[in-house]
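Structural description and commentary
The lines below spell out each chain.
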Protein chains: 2
Amino acid sequence: MHAAADNASASLPHVVILGGGFGGMAAARRLDGASVRVTLLDRRNHHLFQPLLYQVATASLAAPSIAAPLRQILRRQRNLGVLLDEVTGIDLAAHRVQCAHGSLDYDFLVVATGATHAYFGHDEWERYAPGLKTLDDAFLIRRRVLLAFEHAERETDPARRQAWLNFVVVGGGSTGVELAGTLIELARHTLPREFRHSDPRRASVRLIEAGPRLLPAFDPTLSDKARGQLERLGVEVHTGVAVTGIDADGVKLGERRLPARTVLWAAGVAASPVGRLLGAALDRAGRVQVLPDLSLPGHPEVFVIGDLAGVVQANGKPVPGVAPAAKQMGRHVGAMIRACLQGSDERPPFRYRDDGSLATIGRMAAVAQFGKLKLSGFSAWSVWLLAHIYFLIGFRNRLVVMLDWAWAYWTHQRHARIVSGGDIPDDSPEPPPGSP
Amino acid sequence: MHAAADNASASLPHVVILGGGFGGMAAARRLDGASVRVTLLDRRNHHLFQPLLYQVATASLAAPSIAAPLRQILRRQRNLGVLLDEVTGIDLAAHRVQCAHGSLDYDFLVVATGATHAYFGHDEWERYAPGLKTLDDAFLIRRRVLLAFEHAERETDPARRQAWLNFVVVGGGSTGVELAGTLIELARHTLPREFRHSDPRRASVRLIEAGPRLLPAFDPTLSDKARGQLERLGVEVHTGVAVTGIDADGVKLGERRLPARTVLWAAGVAASPVGRLLGAALDRAGRVQVLPDLSLPGHPEVFVIGDLAGVVQANGKPVPGVAPAAKQMGRHVGAMIRACLQGSDERPPFRYRDDGSLATIGRMAAVAQFGKLKLSGFSAWSVWLLAHIYFLIGFRNRLVVMLDWAWAYWTHQRHARIVSGGDIPDDSPEPPPGSP
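The numbering scheme is per chain: residues are counted from 1 as the chain's sequence reads. Going through the entries in the order they are written, you letter the chains from A and number the ligands from 1. Residues qualify for local features only when their pLDDT is at least 70, as the model is predicted, and side-chain atom pairs are given and counted only at 80 or more; totals for whole chains, interfaces and linings, by contrast, use all residues. To obtain the side-chain values, all non-hydrogen atoms of the structure were used and water was disregarded.

Moving on to the relation of the copies chain B and chain A. Both copies of the chain are related by one operation, a rotation about an axis with a shift along it. Superposition of the copies was done by least squares, using only C-alpha atoms of residues whose pLDDT is at least 70 in both. Once chain B is rotated about the relating axis by 180° and shifted along it by 0.0 Å, it coincides with chain A to within an RMSD of 0.0 Å. Taken together, the turn and the small shift mark the pair as related by a two-fold rotation axis. In this analysis, two residues are considered to be in contact whenever any of their non-hydrogen atoms come within 4.5 Å of each other. When the interface residues of chain B are mapped onto chain A, 100% of them are again interface residues, pointing to one common binding face.

All names here are of chain A. When two rings of Phe, Tyr or Trp (its six-membered ring) have centres within 6.5 Å they constitute a pair, described as stacked for plane angles under 30 degrees, edge-to-face for angles over 60, and tilted for the intermediate range. Here the structure, examined in full by the defined rule, presents 16 aromatic pairs over all chains. Here the aromatic rings of phenylalanine 149 and phenylalanine 195 are separated by 6.4 Å at their centres, their planes lie at 45°, and the arrangement is tilted. Of this pair, phenylalanine 149 sits in helix α5 (residues 135-154) while phenylalanine 195 sits in the loop between α7 (174-190) and β12 (204-209); the two residues are 46 residues apart in sequence, bridging distant segments of the chain. Linked through ring pairs, Tyr119, Phe120, Trp125 and Trp265 together constitute an aromatic cluster. Across the ring face of tryptophan 164, the terminal group of arginine 261 is positioned such that the distance to the ring centre comes to 4.2 Å. Starting at the N terminus, helices and strands are each numbered in turn, a helix being any DSSP run of H or I of at least four residues and a strand any DSSP run of E of at least two. Working rule: Lys NZ or Arg CZ, within 6 Å of ring centre, within 35 degrees of ring normal, means a charge sits over the ring.

Residue and element names in this part refer to chain A. Orientation is described by axes fitted as lines to C-alpha atoms, over the contacting stretch for helices, and by angles from 0 to 180 degrees between their N-to-C directions. Closest axis-to-axis distance for the α5/helix α6 (residues 158-165) pair is 8 Å, and the angle between their directions is 165°. Here α5 is positioned roughly antiparallel relative to α6, judged by the angle of their axes. The crossing of α5 and α6 is left-handed. Listed contacts from α6 to Ala148, Phe149, His151, Ala152 and Glu153 of α5 are Arg161, Trp164 and Leu165. A breakdown of the residues in the contact of α5 with α6 according to their chemical character gives 5 nonpolar, 1 polar and 2 charged. When an angle is under 35 degrees it counts as roughly parallel; over 145 it counts as roughly antiparallel; between 65 and 115 it counts as roughly perpendicular; any other value is oblique. By convention, the crossing between two helices is left-handed when the near helix turns anticlockwise from the far helix through less than a right angle, and right-handed when the turn is clockwise. Amino acids outside the nonpolar list (Ala, Val, Leu, Ile, Met, Phe, Trp, Tyr, Cys, Pro) and the charged list (Asp, Glu, Lys, Arg) are all regarded as polar, and Gly is one of them.

Residues and elements named next belong to chain A. Here chain A is described as being made up of domain 1 (3-43 + 85-117 + 270-341) and domain 2 (123-267 + 356-411). Domain 1 and domain 2 are separated by 33 Å when their C-alpha centres are compared. Taken together, the contacts link 6 residues of domain 1 with 8 residues of domain 2. Roughly 480 Å² is buried in total at the junction of domain 1 and domain 2, and carbon and sulfur atoms are behind 59% of that figure. Contact with domain 2 buries area across many residues of domain 1, yet Ala115, His117 and Lys327 alone supply 72% of it, more than any other trio. What makes a salt bridge here is a side-chain nitrogen of Lys or Arg within 4 Å of a carboxyl oxygen of Asp or Glu, nothing more. Inspection of the domain 1/domain 2 interface yields 0 salt bridges. Distance and chemistry together define a polar contact, namely a pair of N or O atoms within 3.5 Å, with one atom able to donate a hydrogen and the other to accept it when in protein, and with adjacent residues in sequence counting only for side-chain atoms on both sides. Summed over the shared surface of domain 1 and domain 2, the number is 1 residue pair in polar contact (both at pLDDT 80 or more). For the side of domain 1 that touches domain 2, the element with the highest residue contribution is strand β10 (residues 115-117), accounting for 3 residues. As annotated, the domain borders come from an automatic or database domain assignment. Put simply, buried area is how much 1.4 Å-probe accessible surface two parts lose in total, over both of them, once they are put together.

The partner chain A presents 66 residues to the 65 residues of chain B that form the contact. Both sides together, the interface formed by chain B and chain A hides about 5,900 Å², and carbon and sulfur atoms give 56% of it. Two residues, glutamate 150 of chain B and arginine 71 of chain A, come together in a salt bridge whose shortest N-O distance is 2.5 Å. Applying the counting criterion to the chain B and chain A interface returns 22 residue pairs in polar contact (both at pLDDT 80 or more). Elements represented by at least two residues in the side of chain B that touches chain A include exactly β4 (67-69), α4 (70-73), β5 (80-84), α5 (135-154) and α11 (395-411) of chain B.

UniProt marks residues 14-330 of chain A with the feature "domain: FAD/NAD(P)-binding" (unreviewed entry), using the numbering shown here. Annotation note: span residues 14-330 of chain A, helix share 28%, strand share 27%, distance between end C-alpha atoms 17 Å. UniProt positions are given in the numbering used here, feature names are shortened, and annotations may be inferred rather than shown by experiment.

Detailed reading of the predicted coordinates is not advisable wherever pLDDT is low. Residues and elements named next belong to chain A. Scored from 0 to 100, pLDDT records how confident the predictor is in each individual residue. Confidence in the prediction for chain A averages 90 pLDDT; 94% of positions are at 70 or higher. Residue range residues 423-436 is modelled with pLDDT below 50. Its contacts to residues more than four positions away, or to other chains, number 30 contacts. The ipTM assigned to the predicted complex is 0.86, against a pTM of 0.90.

Our focus in this paragraph is the pairing of strand β24 (residues 365-370) of chain A. Residue and element names in this part refer to chain A. For the exposure calls, accessible area comes from a 1.4 Å probe over protein chains only, and a residue counts as buried if that area is under 20% of its type's maximum, exposed if over 50%, partly exposed in between. The buried count for β24 comes to 5 of 6 residues, which makes it a mostly enclosed element. Sheet analysis places strand β23 (residues 357-362) next to β24, joined by 5 bridges and oriented antiparallel. Bridge pairing links leucine 358 to alanine 368 in β24. Hairpin connection of β23 to β24: 2 residues between the antiparallel strands, including methionine 364 at a positive phi of 60°. A strand pair is defined by DSSP finding two or more bridges across the two strands. Looking at chain direction, β24 and strand β25 (residues 373-376) are connected through 4 bridges and run antiparallel. Paired with glutamine 369 across the bridge in β25 is lysine 374. If you look at the hairpin formed by β24 and β25, you'll find 2 residues sitting between the two strands, and glycine 371 has a positive phi there, around 55°.

Moving on: the side chain of threonine 58 of chain A. Residue and element names in this part refer to chain A. Following the sequence through the fold, threonine 58 ends up in the loop between α2 (53-57) and α3 (63-66). Side-chain polar atoms of threonine 58 contact the backbone oxygen of tyrosine 54, separated by 2.7 Å. If near-sequence neighbours (up to four positions away) are discounted, threonine 58 is found in contact with Leu179, Thr182, Leu186 and Arg414.

All names here are of chain A. Ordered by their spatial adjacency, 3 strands build an open sheet running β23-β24-β25, and the pairing between neighbours is antiparallel. Unpaired on one side and paired on the other, β23 and β25 mark the two borders of the sheet. Going from strand to strand, the sheet's axes swing by 5° on average, the running direction of each strand aside. Strands β23, β24 and β25 of the sheet are contacted by helix α8 (residues 220-233), whose axis makes an angle of about 170° with β24.

Moving on, we get to the pairing of strand β7 (residues 96-99) of chain A. Residue and element names in this part refer to chain A. On β7, burial follows the alternation: Val97 and Cys99 on one face are buried, whereas Arg96 and Gln98 on the facing-out side are not. Linkage of strand β6 (residues 87-91) to β7, two consecutive antiparallel strands, is achieved through a turn of 4 residues, within which histidine 95 is found at a positive phi near 55°. Strand direction decides the pairing type here: β7 and strand β8 (residues 102-105), joined by 4 bridges, are antiparallel. Residue arginine 96 lies in a different strand from β8, and its bridge partner there is aspartate 105. Connecting the antiparallel pair β7 and β8 is a turn made up of 2 residues.

Below, the structure is given as structure tokens:
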């Protein structure tokens, strides 16, 4: 049994939250001051502001600017303890979570372990096309991108040099659009003066989307605007083409081959494997099908929230896998647990409130949608800037991020261009993240 | 042949500098504007401000605050190109450097590959007691230190818990003193409110020095002051005791055993193995014995500078392995190459100018020595603060570092407390840095 279960207030009901992302964090905070013991369990020590993770991957921000220790964020919540461990099993009958280093008995369980990137049955692509979900993913991508320019500088054969300057981003959702826009800026504006033999401006950035348009979550007019803004920056956009193969030399689109030594994957997500431990019905993307109140069928004391939850709205559409939805679900469940502790039997259904969507493309280029209001270009970019600074955790981070962005804006420099983790740049792609 | 050798100005003499640390960088800059082609070769893409590396290892600063890409720092120097590669051989007769990915012919060669940490014939200790020379070393130490507190929080057995809260730093030079002082502050001031089951204030930090006093490079009165300041902060200082064994459970001092799960190594350095490629006489620490002008005996076109150079001053003492000495040697050699290109035969001997020494211990605690002037406590700390901010590379870094320090000073918080690189905290020590 974990030490977390045997403290002085052991008689209070125990709420166990699995996952310290936006959902788990919101649930935890909503329980501040309630007569419960809360244990927040994560296998990482930090909360990650994922919407800005692409900026770490493209050397614009340092990792500590978008990640903060869970303990530090939650240190003032006296009824809460953070535990660093990994879930290995859930015994719904015994109300017990089994972890790698102990177990936890719960009265309420909130499962908020999120999603990971998925390769649609082509796991062999991961080796060549890393995805972007964790800080380690971001470091791997940063390393690959920066070393590609170094390889080009060293290469004397023109075709091989160009292959190092070719970048392909697979997936036209917000992450793909943001990565492509930042990569082309890196190549055209940050790096050119620094190389003597190869010209980073000759880099090509191609964005491949299998569906008919970029940013499918946005209004079609904004998809067109986004495409136009990306193309003006220099990105080559391909929609309606499916990737059929990825290897060390590039990407296959049916009969066509795009030679590229650097391929980034932003095409698909699958729910966290922790969902399978619940033994409940999963949808096609691995999400747990929950009741309208977000509880597990047959287990009113177990809730699933965030990207792991498969929830259908009244209009028949699924709740999107975005940070605001996860936060709203966390608050909903936190409030319901509080009410339940006060004797209430009510189980209000979760209702998703769409506060709008934002995707940034580059300097002064973005799209935004708030209900009927649609913005693009500079106005959308300004809203994006303010919103992201506002939602960043911790006053210090906001200040440093603002400073970093102001600096990058005026100088075109990016300060986080550090390659670490093995000194000798090798020609072969590194093993996928997570390998030893 | 590297592309670096076949550009338009190929007829100019070619200066190859191996290593982008303080020495190599100073030599490169001294050659700005000279009628030469300069190639600066490093196996890492960044210059590292090593005097502050312990702050990355103890979660006070983010890596990009103390490291900047060599290309970015040197981008305005038109006669210089940066090459990311690793030296594998030096052919002194053919004036050629062999690298992993090509070769370079030189007219002048400056070898500035520095030093690494050494275990005095006990390489098996590295696994348990990582040293601190590179960013990867700092990330490994940060990970070990932060996870030790997580292990203590999970552990229910009191003796095993205390072993996770015991830290031993081996080596009482500036790095050891700085690490010990920062660790005790982390335990006593940053972390306490954040843990629920273990109390970080129960952490013990022990500093072991085999010699008779701390900071042997300083005046004995300052060694005493440093010891007093460390002890007031809570560090247990042991001098005159040699470590005879290190394993996963702690440190052996002869018959005595200090149980500790975290041991840090700051006890010894050895010159870079590149020195051996020169086929010249090495001293006991592996430094290349050079002539008074820093050139290799019999090879007036080859220079060795920085921590790799074994130079004896007029007073019979060796030039210390510190950043100012490396910078001075770099400038000396750069100036001599310039003079030589203008037909001068003069080979002035290198003279080390001691600008003083500084070592920080903690909040408002430091020692400083400038010739006869000796400072300790708040005054030394103020000088240390100003000097380090002044010498940091790049305006932006200085600003961010100042902000970080101000933040840490007022809040006791440290913002870089991010653990990445493998999710599941394991009981066994990680492989040493550099392993796959």
